[in-house]
Structures are given as C-alpha cells and as structure tokens.
Amino acid sequence: MTSLPTIATVIGSGTMGPGIAATLARAGATVRLYDISDEAIARAESAYGIVTGVLEAVGSPTVPGGSVSFGTDLDEALAGTGLIIEAVPEKLELKQKVFADIEARVGDDVIIATNTSGIPITTMAESMSHPGRLIGMHWSNPPHLIPMIEIIPGQATDLALVDKLVEIVKAFNYTPVVEKEIPGFVENRVLYAILRECMALLEEGIVTPEGLDACVKWGIGYKLSVVGPTRLLDMAGLDIYQAVSSYLNKELDVSTDTPQFIKDKIAAGQLGFKSGGGMYEYGEGDVDAKRKEIITGLIAARKTLSSIPNV
Ligand SMILES: NC(=O)c1ccc[n+]([C@@H]2O[C@H](COP(=O)([O-])OP(=O)(O)OC[C@H]3O[C@@H](n4cnc5c(N)ncnc54)[C@H](O)[C@@H]3O)[C@@H](O)[C@H]2O)c1
Ligand SMILES: Cc1ncc(C=O)c(C(=O)O)c1O
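All values reported here derive from a predicted model rather than from experimental measurement.

What counts and how
- Residues numbered from 1 in each chain as written.
- Chains lettered and ligands numbered in written order.
- Predicted model: local features only at pLDDT ≥ 70, side-chain atom pairs only at ≥ 80, totals over all residues.
- Heavy atoms only, no water.
- Domains from an automatic or database assignment.
- Contact = heavy atoms within 4.5 Å.
- Buried area = accessible area lost by both parts, 1.4 Å probe.
- Salt bridge = Lys/Arg side-chain N within 4 Å of Asp/Glu carboxyl O.
- Polar contact = N/O pair within 3.5 Å; in protein donor to acceptor, adjacent residues only side chain to side chain.
- Helix = DSSP H or I, 4+ residues; strand = E, 2+ residues; numbered from the N terminus.
- Nonpolar A, V, L, I, M, F, W, Y, C, P; charged D, E, K, R; others polar.
- Axes fitted to C-alpha atoms, helices over the stretch in contact; angles between N-to-C directions.
- Parallel < 35°, antiparallel > 145°, perpendicular 65-115°, else oblique.
- Left-handed = near helix turned anticlockwise from the far one by under 90°.
- Near = heavy atom within 4 Å.
- Areas by Shrake-Rupley, 256 points an atom, 1.4 Å probe, with all protein chains shown as cover.
- Buried < 20%, exposed > 50% of the residue type's maximum accessible area, 1.4 Å probe, protein only.
- UniProt positions renumbered as here; feature names shortened; annotations may be inferred.
- Core = buried A, V, L, I, M, F, W, Y, C linked by side-chain atoms within 4.5 Å.
- Pairing = 2+ DSSP bridges.
- Patch = residues over 30% accessible without salt bridge, like charges linked within 9 Å, V, L, I, M, F, W, Y side chains within 5 Å.

**Q** Got a minute to help me understand the domain arrangement of the protein in this structure?
**A** It is common to report an interface's size as the accessible area lost on association of the parts. Examined at the domain level, the protein breaks down into domain 1 (7-183) and domain 2 (186-306). On the side of domain 2, 9 residues touch domain 1, which itself brings 17 residues to the contact. In total, about 1,100 Å² of surface goes out of reach between domain 1 and domain 2, with carbon and sulfur atoms giving 59% of it. On the domain 1 side of the contact with domain 2, V58, L145 and I182 bury the most area, a combined 33% of that side's loss. Where domain 1 meets domain 2, there are 0 salt bridges. Connecting domain 1 to domain 2 are 9 residue pairs in polar contact (both at pLDDT 80 or more). Elements that contribute at least two residues to the side of domain 1 that touches domain 2 include exactly α2 (38-57) and β7 (148-153). In terms of residue class, the side of domain 1 that touches domain 2 is built from 11 nonpolar, 4 polar and 2 charged.

In structure tokens:
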C-alpha cells in the first residue's frame with residue numbers, strides 16, 4: 001500500500017509548484033495547485049503542460065488515478081487534503097501568514113511541508129498554533145527532474161512526521177535525505193559555498209564567465225554527478241586532500257555579503273532569464289532556446305545517471 005496521501009495540496013504555483021504537483025500526480029495523488037491570482041494560475045497551467053512533456057520524455061511512470069487541478073480558492077484547495085506543500089516566495093512573514101491561513105482550515109493531523117530554500121523551520125513554526133506539524137521538504141529545481149528531497153525537522157517538529165515524509169518521498173521514487181536543521185540546509189550550503197568562490201573569481205577577473213562555466217561543469221559537475229564528494233576524497237586520496245587544503249583553504253573567499261557586481265546587476269534590472277539578461281546577455285529567442293537546451297541536457301543526464309550504479 002502506498003503511503004502517498006490520496007489528496008495533496010501545493011500552495012504557490014510559480015517556478016517550483018507545477019513540477020512538484022506533476023510529480024505527485026504521476027505517482028497517483030489527486031493534487032490541487034493553489035495560487036492567489038488568475039494570472040499566476042494561467043502561467044502555472046502553461047508550465048504544467050511543459051513539465052508533463054518533460055516527464056514523458058524521461059519515461060517517468062504514471063500511476064493511474066492521479067490528477068492536478070488549479071485554482072484560487074483556498075478552501076477548495078485544502079478540502080480533504082493529507083499533505084500540504086508550501087512553495088510561496090522566500091519571505092518569512094509571507095510564509096507565516098500562509099501557515100496561519102492553512103491552520104485555520106485543516107485538521108491538526110494534516111502535514112504542512114515547506115519548500116523553503118533554507119529559512120530555519122523552527123523560526124517559521126514559531127507563529128503556528130501546531131508547530132509540530134511543520135517540516136522542511138526542500139525540492140531541488142527543476143523539481144520534476146531532480147529525484148532527491150531534503151527533509152528537515154525543526155526543533156518543534158513531531159519526529160513521527162520525519163518517518164511519514166520519508167515514506168511519502170519513497171512512494172514517488174525520490175531519494176529522501178534527512179538532515180539536522182541548519183540555515184540553508186545541506187544542498188544550498190554546498191551550492192552557495194561553490195557560488196561564493198565562483199563569484200569572487202569573476203569579480204577579481206581571474207577567469208571569464210565562459211571559462212568558469214566550462215571549468216566547473218567538467219572539472220566538478222561531471223565528476224560529482226557520478227561519485228559524490230565523500231567518495232571523491234577516496235578516489236583522490238585523503239593525503240592529497242590534506243596537502244592541498246593545508247595551503248588552499250586559507251585562500252578561499254570568506255565574504256559574508258552578496259558581491260557588489262551582482263547587486264549592481266540587480267539594481268540595473270538584470271535578473272537572468274526572467275528579465276532577458278543577467279550574467280550573460282540574451283537576444284530575441286535566446287532565453288527560450290537556452291531553457292530548452294538545459295532541459296534537454298537534464299533529461300539526457302538523468303537517463304544516464306539512472307542507468308549507472310550509485311558508487
Ligand atoms: N526557484 C528555485 O530554484 C527554488 C528551488 C528550491 C526551493 N525554492 C523555494 O521554493 C519556494 C518557492 O519558490 P519559487 O521559485 O517557486 O517562487 P516563485 O516566486 O516562482 O513562485 C511563488 C508563487 O507563490 C505565489 N504566491 C505568493 N503569495 C502567495 C500566497 N499567499 N498564497 C499562495 N501563493 C502565493 C506567487 O503568485 C507565485 O506564483 C521558495 O521558498 C523558494 O526559496 C525555490
Ligand atoms: C541559485 C539557487 N538557489 C537556491 C536553489 C534552491 O533552493 C537553487 C536550486 O537550483 O534548487 C538554486 O539554483
């Protein structure tokens with residue numbers, strides 16, 4: 001018997017919501033995707049069509065009976081639900097308001113999972129009437145393609161919830177990674193350590209953006225997609241790690257703020273794909289073409305990585 005709830009609700013249908021909803025629906029759940037405006041829902045319906053095409057392309061199996069419905073009525077979205085996944089913007093006060101709206105409408109036993117990228121669960125739960133029911137469930141982007149989810153209990157989280165969520169994640173064939181609570185959780189701490197060094201190298205003019213992307217993609221991403229950092233140390237030799245880290249660690253960037261050149265770009269409206277330019281410039285049609293290339297690459301890589309042993 002599957003531990004996936006019959007009905008699940010995803011709150012927030014932006015970048016993450018449609019892929020999360022589609023993943024649960026393909027595993028057989030009835031999913032309600034909720035947002036606050038008709039415009040957001042229209043964008044989500046269109047994104048959901050693309051996500052479904054991608055899942056077909058990776059050969060993701062479909063359990064009969066699953067479905068996704070879209071709407072702006074919170075009562076309808078929450079009726080009878082067993083699992084709520086919050087995916088609204090990364091703002092503490094907004095998330096706390098959303099939890100209050102949800103708690104007023106559902107029974108005490110309904111799980112509320114948050115897809116926060118790293119706000120501590122304990123902090124978010126402080127304003128809740130039943131803080132034990134809140135748990136971190138951090139999907140990686142794109143959520144329908146990255147089959148790993150971080151599960152993070154806060155200090156108040158009912159620990160039985162951890163086991164329940166692990167079973168739910170396994171029910172749709174993703175790998176659950178249970179962690180102790182720490183700002184940014186594990187994935188983003190590692191990613192942001194890499195990004196901090198990358199941005200410092202760019203700011204200092206050590207390498208071009210194109211050179212950096214090629215170096216990190218092949219020298220780090222390709223290898224780490226197969227072995228993982230712990231096994232990599234065995235492959236390289238712990239003695240080599242000691243030799244290099246003894247002089248290199250003290251050279252690495254330790255800045256605590258966002259680099260100034262990134263702040264300048266943001267102030268100039270350069271946000272990346274969503275504004276037509278960011279780290280790179282994009283002409284007419286380039287953003288759509290790049291998005292397609294990325295998805296095609298992720299589909300091919302996932303097929304390959306799924307077919308080789310976990311070393
Ligand atoms: N984008 C990523 O790569 C990524 C990856 C992992 C986790 N996350 C996290 O997931 C969450 C959502 O991120 P996103 O990138 O999908 O955000 P987004 O801004 O793309 O989408 C958020 C959606 O929430 C909706 N929304 C705003 N207020 C709402 C409310 N009160 N009730 C319901 N919906 C509301 C917005 O209309 C929007 O459609 C954030 O906490 C983010 O940190 C993002
Ligand atoms: C830059 C960046 N920041 C946060 C997240 C997720 O929380 C991601 C992601 O890809 O999942 C990301 O790329």
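**Q** Before we go on, may I ask you to explain the packing of helix α7 (residues 185-203) against helix α8 (residues 209-236) in this structure?
**A** In the contact formed by α7 and α8, the axes pass within 10 Å of each other and the chain directions differ by 150 degrees. The angle between α7 and α8 falls in the class roughly antiparallel. In terms of crossing hand, the pair formed by α7 and α8 is right-handed. Judged by residue contacts, C198, L201 and L202 of α7 engage P209, L212 and V216 from α8. Considered class by class, the residues forming the contact of α7 with α8 number 6 nonpolar, no polar and no charged.

**Q** I tried to follow the site of ligand 1 on my own but got confused; where do I start?
**A** Taken together, 22 residues form the shell around ligand 1, and within it T15, D35, E90, K95 and S117 come nearest. One of the backbone nitrogen or oxygen atoms of G14 is found 3.5 Å away from an oxygen atom of ligand 1. Interatomic distance of 2.5 Å between a side-chain N/O atom of E90 and an oxygen atom of ligand 1. Computed on the free molecule, ligand 1 has an accessible area of 830 Å², of which 76% lies beneath the protein chains in the complex.

**Q** Sorry, what's going on with the pattern of salt bridges here?
**A** Side chains that carry opposite charge are capable of pairing whenever their charged atoms lie near each other. Per the stated rule, a full pass over the model turns up 9 salt bridges. A salt bridge links E56 to R26; the nearest nitrogen and oxygen atoms lie 3.1 Å apart. Here E56, found in helix α2, pairs with R26, found in helix α1 (residues 17-26); they are 30 residues apart in sequence, far enough to count as distant. The residue R105 makes a salt bridge to D75 at a minimum N-O spacing of 2.8 Å. Note that R105 is positioned in the loop between α4 (92-103) and β5 (111-114) and D75 in helix α3 (residues 74-78), a separation of 30 residues in sequence. Under the relative-accessibility criterion, R105 is labelled partly exposed at 39%.

**Q** Help me out: how do you make sense of the UniProt feature "domain: 3-hydroxyacyl-CoA dehydrogenase NAD binding" (unreviewed entry) in the protein in this one?
**A** Mapped onto the present numbering, the UniProt feature "domain: 3-hydroxyacyl-CoA dehydrogenase NAD binding" (unreviewed entry) falls at residues 9-181. From the first C-alpha to the last, residues 9-181 spans 24 Å; its make-up is 37% helix and 21% strand.

**Q** Looking at this structure, how should I read the nonpolar core?
**A** A general tendency of soluble globular proteins is for nonpolar side chains to be buried together. L24, M137, W139 and F172 are the most contacted members of the largest nonpolar core, which totals 31 residues. For this core, the secondary-structure elements that each account for two or more residues are β1 (7-11), α1, β2 (30-34), β4 (83-86), β5, β6 (134-139), β7 and α6 (160-171). No other element matches the 6 residues that α6 contributes to this core. With residues up to four places along the chain from it excluded, the contact list for W139 reads M16, I20, T23, L24, I85, N115, I149, F172 and Y174.

**Q** Hey, could you run me through the environment of W218 in this one?
**A** With respect to the secondary-structure elements, W218 resides in helix α8. For W218, a relative accessible area of 52% puts it in the exposed group. On a C-alpha basis, the gap between W218 and R26 in space is 33 Å, while along the polypeptide they are 192 residues apart.

**Q** Got a minute to help me understand the pairing of β5 in this structure?
**A** Working note: regular strand, side chains alternate between the two faces of the sheet. Where burial is concerned, the two faces of β5 agree: the one with I111 and A113 and the one with I112 and T114 are both buried. Note: β4 against β5, 4 bridges, orientation parallel. The residue bridging E86 from the neighbouring strand is T114, located in β5. Here β5 pairs with β6 via 3 bridges, running parallel. Among the inter-strand pairings, T114 is bridged to a residue of β6, identified as G136.

**Q** Just checking my understanding: could you explain a nonpolar patch on the surface for this structure?
**A** A cluster of nonpolar side chains, namely V186, V190, I194, I220 and L224, defines an oily patch on the protein surface of about 350 Å² accessible area. Of all elements in the fold, only α7 and α8 reach the threshold of two or more residues within the nonpolar patch. Examining the composition of the nonpolar patch, we find that 3 residues originate from one element, α7, more than from any other. As for its placement among the helices and strands, V190 is situated in helix α7.

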